[in-house]
Amino acid sequence: MPLMFSRLSQSISQSEIRNMSIECDRIGGINMSQGVCDLEIPLPVKQGAIEAIEQGENHYTRYDGIESLRKAIEHKMLSYNNVKTDPEKNIIVSSGATGAFYSACLALLNPGDEVIFFEPYYGYHISTLLAVGAVPIYVTLSPPDWTFDMDELKQVVTSKTKGIMICTPANPSGKVFTKDELEKIADLAIKHDLFVFTDEIYEYFLYDGRKHISPASLDSIAERTITISGYSKTFSITGWRVGYAVCHEKWAQMIGYVSDLIYVCSPAPLQKGVAEGINQLLPDYYQWLSHEYQIKRDQLCGTLLKIGITPYIPHGAYYILADVSSLPGKTSKEKAMFILKKVGVATVPGEAFYASNKGENLVRFCFAKSNAILEQACEQLLKL
Ligand SMILES: Cc1ncc(COP(=O)(O)O)c(C=O)c1O
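Not measured: the values here are computed from a predicted model.

**Q** Sorry if this is basic, but what is going on with the environment of F235 here?
**A** With respect to the element layout, F235 can be found in the loop between β7 (225–230) and β8 (243–246). With relative accessibility at 0%, the residue F235 sits in the buried group. Along the backbone, F235 and I41 are 194 residues apart, and their C-alpha atoms lie at a distance of 5.7 Å. In this view, F235 contacts I41, P42, V45, V274, G277, I278, L281, Y285 and Y286; residues no more than four positions away in its chain are not counted.

As structure tokens, then:
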């Protein structure tokens, strides 16, 4: 038998987002494909980390994170998410939301277990699930409001279904799940005894007065809900790797042990920086964030409309899915490459967000860019 890769690794491939970033670098274009924020880090976050390094907080932390960060998250979960937690029992700080989700999947799912996803989906969710041998099942959201059909959702449940994944606000659609939708999902989860996984990394990126509702704030499913979030986006620190899982203590400890096994801990001084940010930044920081991003959203949507690419206006997160059926190319990849080659702006082909072929006429733009870069991108797009 020749030396080979493992069976599980065969489900892992270079994400389309990275591929487009590489293509973009090759021609020196503007990268609107990757969800990397170009914005400034809030001062208390930066200073908190610098001080922690200088004061010698450079060692392994407790497996579930430093006390000051768990307490800060406890406070934020109560005041913002309406979810009561005990920082000794329910909060696991991990290596980003990505690390928290992978740890949760390893702790809670067996190979062959099915988990329901809404498409368009965030590709890492699917890859993470596949990496533990579980099976994604899809329910398609319908634009422009990205609604779903409850009957379709009921029909995909089988005896192997173990969970349902929500991403709110969602990448890439910007959908913000309503209370009514969450209640319907909750009923289904209770009826079939499912975990509810919820990724809320964009919880502070909300437009047009939309409100964020955490599924864990619904009492009926609090115990079965695994809330995943973090500060990569909110504090523009995607490279710091500070995120968390919040859940009932009966799940939390094992998720923490798995996170410890894979990552040992999130970087100690950076945990401190995030704790300082949560403790010191006032509600107006988060309001300012939404306001700033809404301006960016509107600027890019306005430009897209001018060039005949219809944007599906997002209610949250910082991506725009746009209809590129008017552009040349048979696939969304060809259309995205057309945009990149013609005007030097990289996007993500819609096919990256769908298991079906429903993404072929879509591309995704990320608008988490500095004003100067966004301005430049809009100027270039106008030449399409
Ligand atoms: C929905 C979603 N979850 C998680 C992440 C990554 O979060 P983290 O940097 O905390 O791992 C991203 C990044 O694009 C995302 O879009």
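**Q** Help me out: how do you make sense of the sheet that holds strand β9 (residues 310–312) in this one?
**A** Each strand in a sheet pairs with another by means of backbone hydrogen bonds, the pair being arranged parallel or else antiparallel. With antiparallel pairing, the 4 strands of this open sheet are ordered in space as β9-β10-β13-β12. Only two strands of the sheet have a single partner each, and these edge strands are β9 and β12 (348–349). Where strand β10 (residues 319–323) lies against strand β13 (residues 362–366), 5 bridges are found, and the strand directions are antiparallel. Across the sheet, residue A322 finds its bridge partner in β13, namely V363.

**Q** Would you take a moment to explain the pairing of β7 for this structure?
**A** Every other side chain in a regular strand lies on the same face of the sheet, so the side chains alternate between the two faces. Of all 6 residues in β7, 6 are buried; the element is thus mostly enclosed. Across 4 bridges, the pairing between strand β6 (residues 195–199) and β7 is parallel. Following the sheet pairing, F197 is matched in β7 by I226. In this sheet, β8 lies alongside β7 in antiparallel orientation, the contact comprising 4 bridges. By the bridge assignment for β8, S229 is matched with Y244.

**Q** What should I look at first to understand the site of the ligand in this one?
**A** Close to the ligand lie 13 residues, the nearest being T98, D199, Y202, S232 and R241. Between T98 and the ligand, the recorded distance is 2.5 Å, taken from a side-chain N or O atom to an oxygen atom. In this structure, an oxygen atom belonging to the ligand sits 2.7 Å away from a side-chain N or O atom of S232. In the complex, 93% of the free accessible area of the ligand, which totals 400 Å², lies under the protein chains. Counted by class, the shell around the ligand contains 6 nonpolar, 4 polar and 3 charged residues.

**Q** What exactly am I supposed to notice about unusual backbone geometry here?
**A** Omega for the peptide link from P143 to P144 comes to 5 degrees, which places this bond in the cis form. Counting through the fold element by element, P144 comes out in the loop between β4 (135–140) and α6 (150–156). Of note, the amide linkage connecting N171 to P172 takes the cis form, showing an omega dihedral of 10 degrees. When you line up the elements, P172 lands in the loop between β5 (161–167) and α7 (179–191). A positive phi angle, near 55 degrees, is found at D208, a position not held by glycine. Along the polypeptide, D208 turns up in the loop between β6 and β7. The backbone of V264 shows a phi angle near 65 degrees, a positive value even though the residue is not glycine.

**Q** In this structure, what is going on with a nonpolar patch on the surface? I would like to understand it.
**A** A contiguous nonpolar patch, built from L106, L261 and I262 and spanning about 290 Å² of accessible area, is present on the exposed surface. Tracing the backbone shows I262 in helix α8 (residues 249–263). You can call I262 partly exposed: its relative accessible area is 33%.

**Q** Just to check I follow, could you spell out the nonpolar core for this structure?
**A** It is characteristic of soluble globular proteins that their nonpolar side chains tend to be buried jointly. The biggest cluster of nonpolar side chains holds 90 residues, and the ones touching the most others in it are F197, F235, Y293, Y318 and F365. Counting residues per element, this core draws most heavily on helix α10 (residues 283–306), at 7 residues. Looking at this core, you find at least three residues from each of domain 1 (8–41 + 284–381) and domain 2 (43–280). Counting residues in hydrophobic clusters, the runner-up holds 29 residues, among them I116, F118, V157 and I166.

**Q** Can you walk me through the pattern of salt bridges in this structure?
**A** A side chain of one charge can pair with a side chain of the opposite charge if their charged atoms are brought near each other. Scanning the entire structure with this criterion turns up 17 salt bridges. Note that D208 is salt-bridged to R297, the shortest N-O span being 2.9 Å. Residue D208 is located in the loop between β6 and β7, and its partner R297 is located in helix α10; the two are separated by 89 residues in the primary sequence. Its relative accessible area of 40% is what places D208 among the partly exposed residues. One continuous salt-bridge network, built from bridges that share partners, spans R62, D64, R70 and E88.

**Q** Looking at this structure, I do not really get empty space enclosed by the protein. What am I missing?
**A** By rolling a water-sized probe across the atoms, one finds the places where empty space is left. All chains considered together, the criterion is met by 2 cavities of 30 Å³ or more. A volume near 100 Å³ is recorded for the largest cavity. In this structure, the largest cavity is lined by 13 residues; those nearest its centre are F118, P120, Y121, I166 and C167. Looking at the lining of the largest cavity, the elements with two or more residues in it are β3 (114–119) and β5. With 3 residues, the top contributor of residues to the lining of the largest cavity is β5. Partitioned by chemical class, the residues of the lining of the largest cavity number 11 nonpolar, 2 polar and no charged. Its boundaries defined by the atoms lining it, the second largest cavity holds a volume of some 40 Å³. Lining the second largest cavity, in full, are P144, D145, W146, S173, G174, K175, V176, I313, P314 and H315.

**Q** Explain the sheet that holds β4 here, please?
**A** Spatially, β2-β8-β7-β6-β5-β3-β4 is the arrangement adopted by the 7 strands of the open sheet, whose pairing is mixed. Edge positions in the open sheet fall to β2 (91–94) and β4, since each of these has one partner strand only. Averaged over all adjacent pairs, the angle separating strand axes in this sheet is 25 degrees, with direction ignored. This element, helix α4 (residues 96–108), spans β2, β5, β6, β7 and β8 of the sheet and lies at about 155 degrees to β7. Packed onto the sheet, helix α5 (residues 123–131) meets β3, β4, β5 and β6 and runs at close to 150 degrees relative to β4.

About the criteria used
- Residues numbered from 1 in each chain as written.
- Predicted model: local features only at pLDDT ≥ 70, side-chain atom pairs only at ≥ 80, totals over all residues.
- Heavy atoms only, no water.
- Helix = DSSP H or I, 4+ residues; strand = E, 2+ residues; numbered from the N terminus.
- Buried < 20%, exposed > 50% of the residue type's maximum accessible area, 1.4 Å probe, protein only.
- Contact = heavy atoms within 4.5 Å.
- Pairing = 2+ DSSP bridges.
- Near = heavy atom within 4 Å.
- Polar contact = N/O pair within 3.5 Å; in protein donor to acceptor, adjacent residues only side chain to side chain.
- Areas by Shrake-Rupley, 256 points an atom, 1.4 Å probe, with all protein chains shown as cover.
- Nonpolar A, V, L, I, M, F, W, Y, C, P; charged D, E, K, R; others polar.
- Patch = residues over 30% accessible without salt bridge, like charges linked within 9 Å, V, L, I, M, F, W, Y side chains within 5 Å.
- Salt bridge = Lys/Arg side-chain N within 4 Å of Asp/Glu carboxyl O.
- Core = buried A, V, L, I, M, F, W, Y, C linked by side-chain atoms within 4.5 Å.
- Domains from an automatic or database assignment.
- 1 Å grid on protein atoms, 1.4 Å probe; cavity = no way out; pocket = protein on both sides within 12 Å on 5 of 7 lines; lining within 4 Å.
- Points joined across faces, edges and corners; volume = space filled by probe spheres on them.
- Axes fitted to C-alpha atoms, helices over the stretch in contact; angles between N-to-C directions.

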